[in-house]
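# Report on the structure
Each chain is listed here by its residues.
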Amino acid sequence: TGGEDVITLGNSADLAPCVCMMDELEKHQEAWPFLFPVDCRRFPTYKKIIKKPMDFQTMRHKLRDNKYQSREEFANDLRLVCNNCETFNEDESAVGHAGHTIREFFEKRWRELCINS
Ligand SMILES: Cn1cc(C(=O)NCCN)ccc1=O
């Protein structure tokens, strides 16, 4: 009755770095394999092999709908996109190479956005 301690949850941090990163990811030259969910009609085995599909459109919708409780949840969805890509594609394939490029871009830029915010 008013005496309860207010517990502040550190993970409801400002999501501004996520919006900025989402903009940059969608514009990236190597984003093309990840802009929309993988088409399971073109790749019938995808849903069986990849248990948790993720893509940039889905991430953008989660941001819009306030589904991310923290920056880390957002970062982990991007890492899921890249891990799924490595599972399903050869490193030397066009899609596989794009996944490595997007991951390297993300990790470097994410540090810059989060440290200076
Ligand atoms: C992420 N990913 C994308 C594709 C693809 O071909 N996307 C269509 C682009 N127009 C294939 C396999 C895969 O893991």
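Quick note: structure is the one above.
What comes next concerns the included structure. Residue positions within a chain follow its written sequence, with the count starting from 1. Given that this is a predicted model, residues contribute local features only at a pLDDT of at least 70 and side-chain atom pairs are listed and counted only at 80 or more, while totals for whole chains, interfaces and linings are drawn from all residues. Side-chain measures were taken over the full set of non-hydrogen atoms in the model, leaving aside hydrogen atoms and water.

### Considerations on the overall build of the protein
For the record, the criterion: To qualify as a helix, a DSSP run of H or I must reach at least 4 residues; to qualify as a strand, a run of E must reach at least 2; elements of each kind are numbered from the N terminus. Burial classes follow relative accessibility: with a 1.4 Å probe on protein chains only, a residue under 20% of its type's maximum area counts as buried, one over 50% as exposed, and anything between as partly exposed. Contacts are residue-level and defined by heavy atoms, with any inter-residue pair within 4.5 Å sufficient. Accessibility throughout is a Shrake-Rupley quantity obtained with a 1.4 Å probe, and a residue counts as covered only by protein chains that appear here.
For the protein, the count of helices and strands is five helices and zero strands. Helices and strands appear in the protein in the N-to-C order α-α-α-α-α. A total of 117 residues make up the protein; the buried ones form 33% of that total. Considering only residue pairs separated by 6 or more positions, the protein has 67% of its internal contacts joining residues 24 or more positions apart. Roughly 7,700 Å² of accessible area belongs to the protein as shown, and the carbon and sulfur atoms make up 54% of that amount.

### Some points on the site of the ligand
To be explicit about the condition: Whether a residue is near a molecule or strand is decided by its heavy atoms; if any one of them lies within 4 Å of it, the residue is near. Pairs of N or O atoms within 3.5 Å make up the polar contacts considered here, provided that, within protein, one atom can donate a hydrogen while the other can accept it, and that residues adjacent in sequence are counted only when both atoms are side-chain atoms. Lys, Arg, Asp and Glu make up the charged group, whereas Ala, Val, Leu, Ile, Met, Phe, Trp, Tyr, Cys and Pro make up the nonpolar group; the residues left over, Gly among them, are polar.
Surrounding the ligand, one finds W32, P33, F34, V38, R42, F43, Y46, F88, N89 and V95. At a separation of 2.9 Å, an oxygen atom of the ligand approaches a polar side-chain atom of N89. Across the complex, the protein chains shield 75% of the 370 Å² of accessible surface that the ligand would expose by itself. Of the residues that constitute the shell around the ligand, the class distribution is eight nonpolar, one polar and one charged.

### Let's talk about the packing of helix 4 (residues 71–88) against helix 5 (residues 94–115)
Formally: Orientation is described by axes fitted as lines to C-alpha atoms, over the contacting stretch for helices, and by angles from 0 to 180 degrees between their N-to-C directions. Oblique is the label for every angle not falling under 35 degrees (roughly parallel), over 145 degrees (roughly antiparallel), or within 65 to 115 degrees (roughly perpendicular). Crossing chirality is assigned from the near helix's rotation relative to the far helix, an anticlockwise turn below a right angle marking it left-handed and a clockwise turn marking it right-handed.
One can describe the packing of helix 4 onto helix 5 by two numbers: an axis separation of 8 Å at closest approach and a directional angle of 160°. In terms of orientation, helix 4 and helix 5 fall into the roughly antiparallel class. Of the two possible hands of crossing, helix 4 and helix 5 adopt the one that is left-handed. Counted together, R71, E72, F74, A75, L78, R79, C82, N83, C85 and E86 of helix 4 and V95, G96, G99, H100, I102, R103, F106, E107, W110 and C114 of helix 5 form the full contact between these two elements. Split into classes, the residues belonging to the contact of helix 4 with helix 5 amount to ten nonpolar, four polar and six charged.

### Points about the pattern of salt bridges
Convention followed: The working definition used for a salt bridge is a side-chain nitrogen of Lys or Arg within 4 Å of a carboxyl oxygen of Asp or Glu.
For the coordinates displayed, the defined rule picks out eleven salt bridges. Residue E24 is joined to R109 by a salt bridge in which the shortest nitrogen-to-oxygen separation is 2.8 Å. A residue pair is termed long-range when its members are at least 10 positions apart, and E24 in helix 1 (residues 16–27) and R109 in helix 5 qualify at 85 residues. A relative accessible area of 23% places R109 in the partly exposed class. A salt bridge links E86 to R103; the nearest nitrogen and oxygen atoms lie 3.1 Å apart. Placement of E86 in helix 4 and of R103 in helix 5 is noted, with a sequence separation of 17 residues between them.

### Topic: the packing of aromatic side chains
The description of two aromatic rings rests on the distance between their centres and on the angle between their planes. Where we set the bar: When two rings of Phe, Tyr or Trp (its six-membered ring) have centres within 6.5 Å they constitute a pair, described as stacked for plane angles under 30 degrees, edge-to-face for angles over 60, and tilted for the intermediate range.
In the structure shown here, the tally under the stated rule is six aromatic pairs. Each ring, one from F34 and one from F56, has its centre 6.0 Å from the other, and the planes form 45°; the classification is tilted. One end of the pair, F34, is in the loop between helix 1 and helix 2 (46–49); the other, F56, is in helix 3 (residues 56–64), with 22 residues separating them in the sequence. Residue F34 is classed as buried on the basis of its relative accessible area, which comes to 6%. Owing to a relative accessible area of 1%, F56 belongs among the buried residues under this scheme. Measuring from ring centre to ring centre gives 6.2 Å for F43 and F88, while their planes differ by 85°; the resulting arrangement is edge-to-face. With F43 in the loop between helix 1 and helix 2 and F88 in helix 4, this residue pair connects regions lying 45 residues apart in the sequence. A relative accessible area of 24% means that F88 is categorised as partly exposed.

None of the figures reported here should be taken as evidence of function without further support.
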